[in-house]
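Chain residues, written in single-letter form:
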Amino acid sequence: MFLDIVILPPADIGRAVEKLTAKLARSFLLRMRVDNRKLYPHISLYHLVVPRGRVKTAVAEVSRLVAGQKRIPITLQKVRGGKVFLGVSVKNTQALFRLHQKILLGLRKFHVGVPEAPWGAPQPVRPTPYLKKFGVDGVLNFFWPHITLLGLKNKEDAEKALRVANREKNLKNFLADNVSVAVVNKYWQVYKVIKTFKLK
């Protein structure tokens, strides 16, 4: 099962993301968008493929890892992206990075294999040390916390879509009060939440 250990933003952020991606969908052709209904806004801490028989054990390990974890201030920055996917950057504070590191090191024993890159993004050309050790590349030195907004059908639209997204976004900073275990699709986007653990 393809899991993602995530921070779920509060309801007002979810509604703001829904409104922003709906507006962008009226101007650009999309391959997917985070609509807060079928796909949920989130900040990923660690993507990993876990055998179905070990999912319950992995969830229990997340519970242990976040026990006593304090809430973390989340600072939202500009919308960034490549040629396909756009996301709202999150300031990589020491507290957020330490949580990412704790989750990563605590759960790497559960990961099996390397998941396919998000549909529409290039596949890794060759295995890297991070891929071999953790199953994914975007961790530790390459950790980029963000909230994905959408995936474009036409890469030529990326520059204009970024400008519009940064002009129209109305997202406020918030206090992260949870770590959740979720299931993701071929775009690496959350469509189901298995368990949410509240932070202190």
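Whatever comes next refers back to the structure up there.
A short tour of the structure in this document, coming up.

So, how was this worked out
Residues numbered from 1 in each chain as written. Predicted model: local features only at pLDDT ≥ 70, side-chain atom pairs only at ≥ 80, totals over all residues. Heavy atoms only, no water. Phe/Tyr/Trp six-rings, centres within 6.5 Å; stacked < 30°, edge-to-face > 60°. Helix = DSSP H or I, 4+ residues; strand = E, 2+ residues; numbered from the N terminus. Buried < 20%, exposed > 50% of the residue type's maximum accessible area, 1.4 Å probe, protein only. Lys NZ or Arg CZ within 6 Å of the ring centre and 35° of its normal. Pairing = 2+ DSSP bridges. Axes fitted to C-alpha atoms, helices over the stretch in contact; angles between N-to-C directions. Contact = heavy atoms within 4.5 Å. Polar contact = N/O pair within 3.5 Å; in protein donor to acceptor, adjacent residues only side chain to side chain. Core = buried A, V, L, I, M, F, W, Y, C linked by side-chain atoms within 4.5 Å. Salt bridge = Lys/Arg side-chain N within 4 Å of Asp/Glu carboxyl O.

### Remarks on the packing of aromatic side chains
Two aromatic rings are characterised by how far apart their centres lie and by the angle between their planes.
Working step 1: What the rule picks out here adds up to 6 aromatic pairs.
Working step 2: Plain terms: the ring middles of Phe 97 and Phe 143 are 6.4 Å apart, the flat faces sit at 55° to each other, and that makes the pair tilted. Of this pair, Phe 97 sits in helix 3 (residues 94-107) while Phe 143 is found in the loop between helix 4 (129-134) and strand 7 (146-152), placing the two residues 46 residues apart along the sequence.
Working step 3: Looking at Phe 143, the relative accessible area reads 9%, which means it is buried.
Working step 4: An angle of 90° between the planes, with centres 5.9 Å apart, marks the rings of Trp 119 and Tyr 187 as edge-to-face. Residue Trp 119 is found in the loop between helix 3 and helix 4, and its partner Tyr 187 is found in the loop between strand 9 (178-184) and strand 10 (190-198); the two are separated by 68 residues along the sequence.
Working step 5: Since its relative accessible area comes to 45%, Trp 119 is described here as partly exposed.
Working step 6: Grouping aromatic residues by their ring pairs yields a cluster made of Phe 85, Trp 119 and Tyr 187.
Working step 7: Directly above the ring of Trp 119 sits Lys 186, whose terminal nitrogen or CZ lies 4.6 Å from the centroid.

### Some thoughts on the sheet that holds strand 7
Working step 1: Across the sheet, which stays open at both edges, the 4 strands sit in the order 2-7-6-5 with antiparallel pairing between neighbours. Pairing within the sheet leaves two strands with one partner each, and these edge strands are strand 2 (30-33) and strand 5 (76-81). Strand-to-strand twist of the sheet, defined as the mean angle between neighbouring strand axes without regard to direction, takes the value 20°.
Working step 2: Relative to strand 6 (residues 85-90), strand 5 runs antiparallel, the two sharing 4 bridges. Directly across from Gly 81, in strand 6, lies its bridge partner Leu 86.
Working step 3: In the packing of helix 1 (residues 11-25) onto the sheet, the strands contacted are strand 2, strand 5 and strand 7, and the crossing angle to strand 2 comes to about 170°.

### Some words on the side chain of Glu 61
Working step 1: Secondary-structure assignment places Glu 61 in helix 2 (residues 55-66).
Working step 2: With relative accessibility at 12%, the residue Glu 61 sits in the buried group.
Working step 3: Of the polar contacts made by the side chain of Glu 61, one reaches the side chain of Arg 64; its length is 2.6 Å.
Working step 4: Residues contacting Glu 61, with those up to four places away along its chain left out, are Gly 106, Leu 107, Lys 109 and Phe 110.

### Some details on the pairing of strand 10
Working step 1: Alignment of strand 9 against strand 10, held across 7 bridges, turns out to be antiparallel. Bridge assignment links Val 183 to a residue of strand 10, and that residue is Lys 192.
Working step 2: What sits between the antiparallel neighbours strand 9 and strand 10 is a turn of 5 residues, in which Trp 188 has the positive phi angle 65°.

### Some words on the sheet that holds strand 9
Backbone hydrogen bonds are what pair the strands of a sheet, in a parallel or an antiparallel way.
Working step 1: With antiparallel pairing, the 4 strands of this open sheet are ordered in space as 3-1-9-10. Among the strands making up the open sheet, the edge pair consists of strand 3 (43-49) and strand 10. Going from strand to strand, the sheet's axes swing by 25° on average, the running direction of each strand aside.
Working step 2: Both strand 1 (residues 2-7) and strand 9 contribute to a ladder of 4 bridges, which runs antiparallel. Within the sheet, the bridge partner assigned to Ile 5 lies in strand 9 and is Val 181.

### A short note on the nonpolar core
Generally speaking, nonpolar side chains in soluble globular proteins are found buried as a group.
Working step 1: Of all hydrophobic cores here, the largest spans 64 residues; its most connected members are Ile 74, Leu 76, Ile 103 and Leu 107.
Working step 2: The greatest single-element share of this core, amounting to 6 residues, is contributed by helix 2.
Working step 3: The contacts of Leu 76, once residues within four sequence positions are left out, are Ile 13, Val 88, Ser 89, Val 90, Ile 147, Leu 171, Lys 172, Asn 173 and Phe 174.
Working step 4: Core analysis: the next-biggest nonpolar cluster, separate from the first, contains 5 residues, Met 32, Leu 39, Val 84 and Phe 85 among them.

### Some details on the pattern of salt bridges
Working step 1: Scanning the model with the defined rule gives 7 salt bridges in all.
Working step 2: Between Glu 61 and Lys 109 there is a salt bridge, with the nearest N and O atoms lying 3.7 Å from each other. Residue Glu 61 is located in helix 2, and its partner Lys 109 is located in the loop between helix 3 and helix 4; the two are separated by 48 residues in the primary sequence.
Working step 3: Note on Lys 109: relative accessible area 52%, which makes it exposed.
Working step 4: The salt bridge partner of Glu 168 is Arg 167, with a shortest N-O separation of 3.4 Å.
Working step 5: Among the residues examined, Arg 167 registers a relative accessible area of 58% and is labelled exposed.
Working step 6: Taken together, the shared-partner salt bridges in this structure form one network comprising Lys 23, Arg 167 and Glu 168.

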